[in-house]
Amino acid sequence: MANVTLTINGIKVTVSMGTTVLDAAAQAGIFIPTFCHDPEIARFGACRICVVEIAGMRNLPASCVTEASQGMVVNTESPAVVEARKTILEMLLANHPQDCLTCEKNGACRLQDYSFRYGVKGPGFEGKRHEYPLDDSNPYIIRDMNKCILCGRCARTCAQVEGRAVIDFTYRGFNTKIAPPMDTTLAESDCVYCGRCLAVCPVGALTYKRMAGKGRSWEIEKKPVICTFCDSGCLFDLNIKDGKVIGVTAGTPGQGRPLCLKGRLGLELLYCDEPTDPLMKRDGEFVKVSWSDALGLDGVLDKIRKIEGK
Amino acid sequence: MADVTLTINGQQVSVAQGGTILDAAKKLGVFIPTLCHDPELSKVGSCRMCVVDVKGARSLVISCATAAAEGMVVETESPAVMEARKTIIELLLANHPQDCLTCGRNGDCRLQDYAYLYGVRGSDLTGAVHQYELETDNPFMIRDMNKCILCGKCVRMCGEIQGNSVVDFTYRGFNTKVAPAMDSSLAESSCVFCGNCVAVCPTGALQEKGLRSSARPWEVKKVRTTCPYCGTGCSFDLNVKDGKVVGVTSCNGDVNGRALCVKGRFGYGFIHHPDRLQGPLIKKDGQFVAATWEEALGLIAQKLGSIKGQYGSDSIGVLSSARCTNEENYLLSKLTRAVIGTNNIDHCARL
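A quick note: this is a predicted structure, and the numbers were derived from the prediction, not measured.

**Overview of the overall build of chain A**
Phase 1 of the analysis: Secondary structure assignment for chain A yields eight helices and 13 strands.
Phase 2 of the analysis: Its C-alpha atoms give chain A principal-axis dimensions of roughly 80 × 50 × 40 Å.
Phase 3 of the analysis: For chain A, the proportion of contacts with a sequence separation of at least 24, taken over those separated by at least 6, is 58%.

Here it is as structure tokens:
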């Protein structure tokens, strides 16, 4: 494929045609902040935090959806770009709880990272704020839609697995919200708690219930493991605090990586120092079940016991 | 000294007479939160965070300043203790900015740690909130008295370890504030900016100006090193982010504890300064020209050799430096006596 050469912050970069300005910048070692962009999902260009200045262009284009072209001159941190990013952050913070104090995502939150980077100390605007109730209707995922910045990564990654697409954008304007059909809770939906939406959420809108209160992001060391429950080879992270595995979280989602609940629970049982009992939905209610039941090993265990008896 | 044996959370432990309940708990590996307590400073028992339940005691007692007694039965996490601690955190948060979002101490703050530990999400108590101006008129540290929880560790550090007593409690009641004399700024006071108050501050009230604006605590890798400025040999941690030194924080050094001076704590700007000399220069025709180490050392050896040949070994004197390591000083001594052949060697820290 043909190559194009462009200049980013004075550095000449050559990339293959079709590469985005964002990827070209990454190749040159230049950081551009992103919220909605995900290399595993189709380009979206919704959050605008990745805007850059390109000589000759009418306005600031989003670098994650703008393809590099021959001779392009890009500035990723010009005064106009920095001002645009600050305004975006101020607008997001205008409708985002200021509770980093106890937020589970504190320390691993892009909204916080960029606020610190661009010196945005709080919302620049006063206005309406969402007061959604917390969705902790299920044993695995806590959804706090007050913290959602509507980047849509959860909905898009959910739809990537065939037959899922449990959540999507609902309502319009300020009331836009990510929700399952009929705006139900996750417990009432078809959600299987695979956790791929949690793996991509850039803020504290989606967090692991089983990890709540157990440790802060900077206290936790992550160690990747590959699930062996099926041939998908999904990546999971062991979350280690003070030498103890306190939880298993979904790793990078992608094509052919379902990151299922069974896999995560199986790894919890295998690695967690103090695994908590799994809960399964029976007749619409979550009930405590045995590990062999949750992992579908009852049949296997029965056979082993029968053979042992002989 | 006689030992006393007490029971903490059902476990028996013995400590030397005079040891506190906190010391005894520590010996058992039982965690008790503290804000104003510091093992190197005098005991003031003011923050009440470390309260515990002692069987038979009239009220909850502070474990940091209560001596363990024979047969004492202590509960460190009874419902009454938990409630007291939660209330203390709520009271502190009622007059504390909720700006962890961009606070330089986010991730390294005791108030935040304990709020998370005890699940105190904020404060329902509404009342007056301080609106002090941020003090940034010195090049080393930021003082944000809105974030001060009045634990007084900075006051004691300044008075008891540094021996300068620059700051102390001023005013009364809700208006109580830690400040230099006449409530001036630190820049206008006799503060020497050793930053030892910053090292003990449990919240974001005192922050290193450079470090806390360039990196978040979880982004830095701490590298233990010895200060190169003088012969005292203080230890500290270089805070490294993306391969660059962005600041210095105290460690518990053998020589210095957590105490440092202004040079050690804040004088790291030279490390990545563009003007820093990173290789030898040789003066050629009145101009300094970059040279290789081989060239430079060869030239020195040649000149020393010719001086020695012409005027004798004792025409050369060597002055060593306290900023060198012991090994380097030893080698210089060897070079002077064995190679150059003179006893004319001295050291700036020879006392």
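**Some remarks on the overall build of chain B**
Phase 1 of the analysis: Per the secondary structure count, chain B includes nine helices and 16 strands.
Phase 2 of the analysis: Its C-alpha atoms give chain B a radius of gyration of 27 Å, clearly above 20 Å, the size a compact globule of 351 residues would have.
Phase 3 of the analysis: Along the first, second and third principal axes, the C-alpha atoms of chain B reach 90 × 50 × 40 Å.
Phase 4 of the analysis: Within chain B, the fraction of its 351 residues that count as buried is 32%.
Phase 5 of the analysis: Put simply, of all contacts in chain B between residues at least 6 apart along the chain, 57% involve residues at least 24 apart.

**Brief notes about the sheet that holds strand β11 (residues 235-241) of chain B**
All names here are of chain B.
Phase 1 of the analysis: Reading across the sheet, the three strands line up as β10-β11-β12 and stay open at both edges, with antiparallel pairing between neighbours. Every interior strand has two partners, whereas the edge strands, β10 (221-226) and β12 (244-250), have only one. For this sheet, the mean angle separating the axes of adjacent strands, direction not counted, is 35°.

**Points about the domain arrangement of chain A**
All names here are of chain A.
Phase 1 of the analysis: For chain A, the domain assignment lists domain 1 (3-77) and domain 2 (110-276).
Phase 2 of the analysis: Taking the mean C-alpha position of each, domain 1 and domain 2 sit 28 Å from one another.
Phase 3 of the analysis: Taken residue by residue, the interface counts 10 residues in domain 1 and 13 residues in domain 2.
Phase 4 of the analysis: A per-class count over the side of domain 1 that touches domain 2 returns eight nonpolar, no polar and two charged.

**Side note on the nonpolar core**
Phase 1 of the analysis: In this structure, A24(B), A115(B), C154(B), V167(B) and C197(B) are the most contacted members of the largest nonpolar core, which totals 70 residues.
Phase 2 of the analysis: The greatest single-element share of this core, amounting to five residues, is contributed by helix α4 (residues 153-162) of chain B.
Phase 3 of the analysis: Setting aside anything within four residues of it in sequence, one finds V167(B) in contact with C154(B), V155(B), C158(B), V178(B), A179(B), P180(B) and C197(B).
Phase 4 of the analysis: The next biggest cluster of nonpolar side chains, apart from the first, holds 67 residues, and it includes I88(A), I149(A), Y193(A) and L259(A).

**Details of the domain arrangement of chain B**
Phase 1 of the analysis: In terms of domain boundaries, chain B breaks down into domain 1 (3-77), domain 2 (220-276) and domain 3 (289-347).
Phase 2 of the analysis: Each of domain 1 of chain B and domain 3 of chain B has a C-alpha centre, and the two are 59 Å apart.

**Let's talk about the interface of chain B and chain A**
Phase 1 of the analysis: Across the boundary between the two partners, chain B contributes 16 residues, which contact 15 residues of chain A.
Phase 2 of the analysis: Split into classes, the residues belonging to the side of chain B that touches chain A amount to six nonpolar, seven polar and three charged.

**Digging into unusual backbone geometry**
A negative phi angle is the norm for most residues apart from glycine, just as the trans form is the norm for most peptide bonds.
Residues and elements named next belong to chain B.
Phase 1 of the analysis: The residue L150 is not glycine, and still its phi comes out positive at about 60°.
Phase 2 of the analysis: One can find L150 in the loop between β6 (141-143) and α4.
Phase 3 of the analysis: The backbone phi angle of Y171 is positive, close to 60°, even though this residue is not glycine.
Phase 4 of the analysis: Position of Y171 relative to the elements: it lies in the loop between β7 (167-170) and β8 (177-180).
Phase 5 of the analysis: Among the residues examined, Y171 registers 10 C-beta atoms within 10 Å and is labelled exposed.

**Some details on the pairing of strand β1 (residues 3-8) of chain A**
Residue and element names in this part refer to chain A.
Phase 1 of the analysis: Two elements, β1 and strand β2 (residues 11-16), share six bridges in a ladder whose sense is antiparallel. Across the sheet, T5 pairs through a bridge with T14, a residue of β2.
Phase 2 of the analysis: Sheet analysis places β1 next to strand β4 (residues 73-75), joined by two bridges and oriented parallel. Looking at β4, one finds that T7 is bridged to V73.

**Considerations on the sheet that holds β1(A)**
Phase 1 of the analysis: Strand order across the open sheet formed by four strands is β2-β1-β4-β3 (chain A), with mixed pairing between neighbours. Only two strands of the sheet have a single partner each, and these edge strands are β2 and β3 (53-54) of chain A.

**With respect to α4(B)**
Residue and element names in this part refer to chain B.
Phase 1 of the analysis: For α4, a buried count of seven out of 10 residues is recorded, marking the element as mostly surrounded by other parts of the structure.
Phase 2 of the analysis: Turning to α4, its buried residues number three or more, namely K153, C154, V155, R156, M157, C158 and I161.
Phase 3 of the analysis: On its buried face, α4 is in contact with β7, β8, α5 (196-200) and β9 (206-208).
Phase 4 of the analysis: G163 sits one or two positions beyond α4 and adopts a positive phi of about 75°.

**Re the pairing of β7(B)**
Residue and element names in this part refer to chain B.
Phase 1 of the analysis: Taken together, the four bridges between β7 and β8 define a ladder with antiparallel strand orientation. Bridging across to β8, T170 finds its partner in K177.
Phase 2 of the analysis: Following β7, the chain reverses through six residues before pairing antiparallel with β8; Y171 in that reversal takes a positive phi of roughly 60°.

**Some remarks on the confidence of the model for chain B**
Phase 1 of the analysis: The share of residues in chain B with pLDDT of 70 or more is 99%, and the mean pLDDT across the chain is 95.
Phase 2 of the analysis: With pTM at 0.89, the complex prediction returns an ipTM value of 0.87.

**Notes on the environment of V289(B)**
All names here are of chain B.
Phase 1 of the analysis: Mapping V289 onto the fold places it in strand β14 (residues 287-290).
Phase 2 of the analysis: Judged by the 11 C-beta atoms lying within 10 Å of it, V289 is exposed.
Phase 3 of the analysis: As for V289 and Y132, which are separated by 157 residues in sequence, their C-alpha atoms are 53 Å apart.
Phase 4 of the analysis: In this structure V289 touches L281, I282 and K284, once residues within four positions along its chain are discounted.

**Details of helix α2 (residues 79-93) of chain B**
An α-helix turns once every 3.6 residues. As a result, residues three or four positions apart point the same way.
Residues and elements named next belong to chain B.
Phase 1 of the analysis: Compared with the 21 Å implied by 1.5 Å per residue over 15 residues, the 21 Å span of α2 between its first and last C-alpha is a close match.
Phase 2 of the analysis: Residues of α2 that are buried include every one of R85, I88, I89, L92 and L93, and no others. One side of α2 holds all its buried residues, which, seen down the axis, span an arc of 130°. Exposed positions of α2 whose direction lies more than 90 degrees from the buried face are P79 and E83.
Phase 3 of the analysis: Packing partners of the buried residues in α2 comprise α3 (110-117).

Cut-offs applied
- Residues numbered from 1 in each chain as written.
- Chains lettered and ligands numbered in written order.
- Predicted model: local features only at pLDDT ≥ 70, side-chain atom pairs only at ≥ 80, totals over all residues.
- Helix = DSSP H or I, 4+ residues; strand = E, 2+ residues; numbered from the N terminus.
- Contact = placed C-beta atoms within 7 Å.
- Rg over C-alpha atoms; globule rule 2.2 N^0.38 Å.
- Buried ≥ 20, exposed ≤ 12 C-beta atoms within 10 Å, placed from the backbone.
- Pairing = 2+ DSSP bridges.
- Axes fitted to C-alpha atoms, helices over the stretch in contact; angles between N-to-C directions.
- Domains from an automatic or database assignment.
- Nonpolar A, V, L, I, M, F, W, Y, C, P; charged D, E, K, R; others polar.
- Core = buried A, V, L, I, M, F, W, Y, C linked by C-beta atoms within 7 Å.
- pLDDT = per-residue confidence, 0-100.
- Expected span 1.5 Å × (residues − 1).
- Arc of directions from axis to C-beta.

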